[in-house]
Amino acid sequence: MTLRKTLAAFAAAASLFVAGVAQAEWAPKGNLTLQIGFGAGGSTDTIGRVVAKVMKEQTGWNVIAENKPGGGGVAMFAGIANRPADGSVVGLGVNMPILVNLVNKPGELGFDLDSFDYLGTAARAQLGLFARADAPFDDVAGLIEYAKANGAAPLAFDAKPQELAMRQVMAKSGAEFQFLSTKGGAENLKLVLGGQAIAGFEAGEHLPFLESGEIKMIASMNNTRHNYAPDTPTLPEQGYDIYVDPVFFFAAAKGTPEDARMAITEALAAALDSEEVKTVVMNSLKSPIENMGPEGTEKMLRDGLVNVGALFGK
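Residues numbered from 1 in each chain as written. Predicted model: local features only at pLDDT ≥ 70, side-chain atom pairs only at ≥ 80, totals over all residues. Heavy atoms only, no water.

Under an unreviewed UniProt entry, the name given to the chain is Tripartite tricarboxylate transporter substrate binding protein, and the organism recorded is Ruegeria sp. PrR005. Under the UniProt heading Sequence similarities (unreviewed entry), the entry covering the chain gives this text: "Belongs to the UPF0065 (bug) family." (UniProt positions renumbered as here; feature names shortened; annotations may be inferred.)

Draft legend 1. Spotlight on the sheet that holds strand S5 (residues 128-132). An order of S7-S6-S8-S5-S9 is seen for the five strands of this open sheet, with the pairing classed as mixed. Every other strand in the sheet has two partners, leaving strand S7 (177-181) and strand S9 (215-220) as the edge strands with one partner each. Strand-to-strand twist of the sheet, defined as the mean angle between neighbouring strand axes without regard to direction, takes the value 30°. Both S5 and strand S8 (residues 199-202) contribute to a ladder of four bridges, which runs antiparallel. Each bridged residue has a counterpart across the sheet, and for Ala131 the counterpart in S8 is Ala199. This element, helix H5 (residues 140-150), spans S5, strand S6 (153-157), S7 and S9 of the sheet and lies at about 125° to S6. Contacts from helix H6 (residues 160-173) reach S5, S6, S7 and S8 within the one sheet, and its direction differs from that of S7 by about 175°. (Pairing = 2+ DSSP bridges. Helix = DSSP H or I, 4+ residues; strand = E, 2+ residues; numbered from the N terminus. Axes fitted to C-alpha atoms, helices over the stretch in contact; angles between N-to-C directions. Contact = heavy atoms within 4.5 Å.)

Draft legend 2. Molecular detail of the nonpolar core. Core analysis: the biggest nonpolar cluster contains 55 residues, and Phe77, Phe111, Leu129, Leu143, Met166 and Phe177 have the highest contact counts within it. The biggest single contributor to this core is helix H4 (residues 95-104), with six residues. Of the domains in this structure, domain 1 (32-124 + 246-312) and domain 2 (128-238) are the two that each give at least three residues to this core. Beyond its immediate stretch of four places on either side in the chain, Phe111 contacts Val74, Phe77, Ala78, Ala81, Ile98, Leu102 and Phe116. Counting residues in hydrophobic clusters, the runner-up holds 33 residues, among them Leu32, Leu119, Phe248 and Ala252. (Core = buried A, V, L, I, M, F, W, Y, C linked by side-chain atoms within 4.5 Å. Buried < 20%, exposed > 50% of the residue type's maximum accessible area, 1.4 Å probe, protein only. Domains from an automatic or database assignment.)

Draft legend 3. Structural detail: the packing of helix H2 (residues 43-59) against helix H10 (residues 275-285). Direction vectors running N to C along H2 and H10 enclose 180°, while the axes themselves pass 10 Å from each other. One element, H2, and the other, H10, form an angle in the roughly antiparallel class. Residue-level inspection shows Ser43, Thr46, Ile47, Val50, Val51, Lys53, Val54 and Glu57 of H2 in contact with H10, the latter providing Glu276, Val277, Val280, Val281, Ser284 and Leu285. Residue composition of the contact of H2 with H10, by class: eight nonpolar, three polar and three charged. (Parallel < 35°, antiparallel > 145°, perpendicular 65-115°, else oblique. Nonpolar A, V, L, I, M, F, W, Y, C, P; charged D, E, K, R; others polar.)

Draft legend 4. Broad picture of the layout of surface pockets. Here the largest pocket defines a volume of roughly 680 Å³. For the largest pocket, the lining is made up of 32 residues, of which Ser43, Ala125, Asp158, Ala203 and Pro246 are closest to its centre. Of all the elements in the fold, those that place two or more residues in the lining of the largest pocket are H2, H4, H6, helix H7 (185-194), S8 and H10. Here the lining of the largest pocket takes three residues from H4, the largest share from any one element. Split into classes, the residues belonging to the lining of the largest pocket amount to 15 nonpolar, 12 polar and five charged. For the lining of the largest pocket, the two domains that each supply at least three residues are domain 1 (32-124 + 246-312) and domain 2 (128-238). Considered as a void within the structure, the second largest pocket measures approximately 190 Å³ in volume. (1 Å grid on protein atoms, 1.4 Å probe; cavity = no way out; pocket = protein on both sides within 12 Å on 5 of 7 lines; lining within 4 Å. Points joined across faces, edges and corners; volume = space filled by probe spheres on them.)

Here's what the structure looks like:
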């Protein structure tokens with residue numbers, strides 16, 4: 001090989017190497033928009049905005065947080081599913097509203113679980129069933145015995161999946177529950193402490209009262225035990241194969257180029273691993289960061305769709 005040919009070969013190899021590096025170091029051509037499927041002020045908004053801020057600081061990308069409320073994230077994900085898969089928009093939502101709508105309105109949403117590339121999760125809202133400390137039971141079996149002995153047991157709930165899960169318990173056990181619908185965990189707590197409800201659902205507001213000994217945990221309603229109550233079994237562990245597992249997750253349009261998808265996934269993971277995001281998530285949800293990664297996120301949603309289908313008897 002002549003010197004000229006040798007130099008040409010080295011130049012070609014070098015250009016391929018540089019191209020590979022450039023591809024690995026993907027960056028958005030303009031803004032990267034992190035759409036948040038809820039309005040301003042809630043926990044999803046808080047988490048999305050701090051993640052966008054830290055991603056911008058860590059990567060130098062122009063990351064913009066944008067609220068896209070409607071249907072608990074349904075409107076946002078419908079928009080993402082039907083936009084170009086160019087890596088310029090990422091959605092942050094909560095799995096439960098999406099799964100409930102996919103179970104009850106299949107074909108009406110403009111998307112399904114195959115419409116997205118999944119990037120990771122931020123955290124799991126730890127939902128518990130609790131009772132006042134002096135309640136004459138310590139687990140679901142005891143709650144069922146109480147309900148049977150008293151004709152019915154009043155339960156405070158603030159979301160339909162909570163009611164549906166306990167209706168499954170009711171059907172299997174033969175116990176009778178009276179369902180008291182509220183506007184949130186704070187009202188659930190008030191009814192339980194005041195004696196109007198024998199048990200209720202909580203996802204954070206109850207922790208000071210748990211620490212003070214005024215209430216006790218009866219079950220984790222998630223698919224896993226809670227980090228702050230590792231000795232309290234889940235509802236499935238107590239004999240009822242059903243759970244309510246709200247998870248905050250990130251997704252982009254299906255077909256996002258691999259280099260963009262990998263770069264965004266890594267940027268999200270790095271932001272979630274920062275102390276600033278960890279602190280905000282813990283303060284907002286009373287839960288630690290839990291990033292399942294792309295494959296784990298997709299599995300969580302597919303398993304969740306089966307579980308929510310069972311909740312609705314489908």
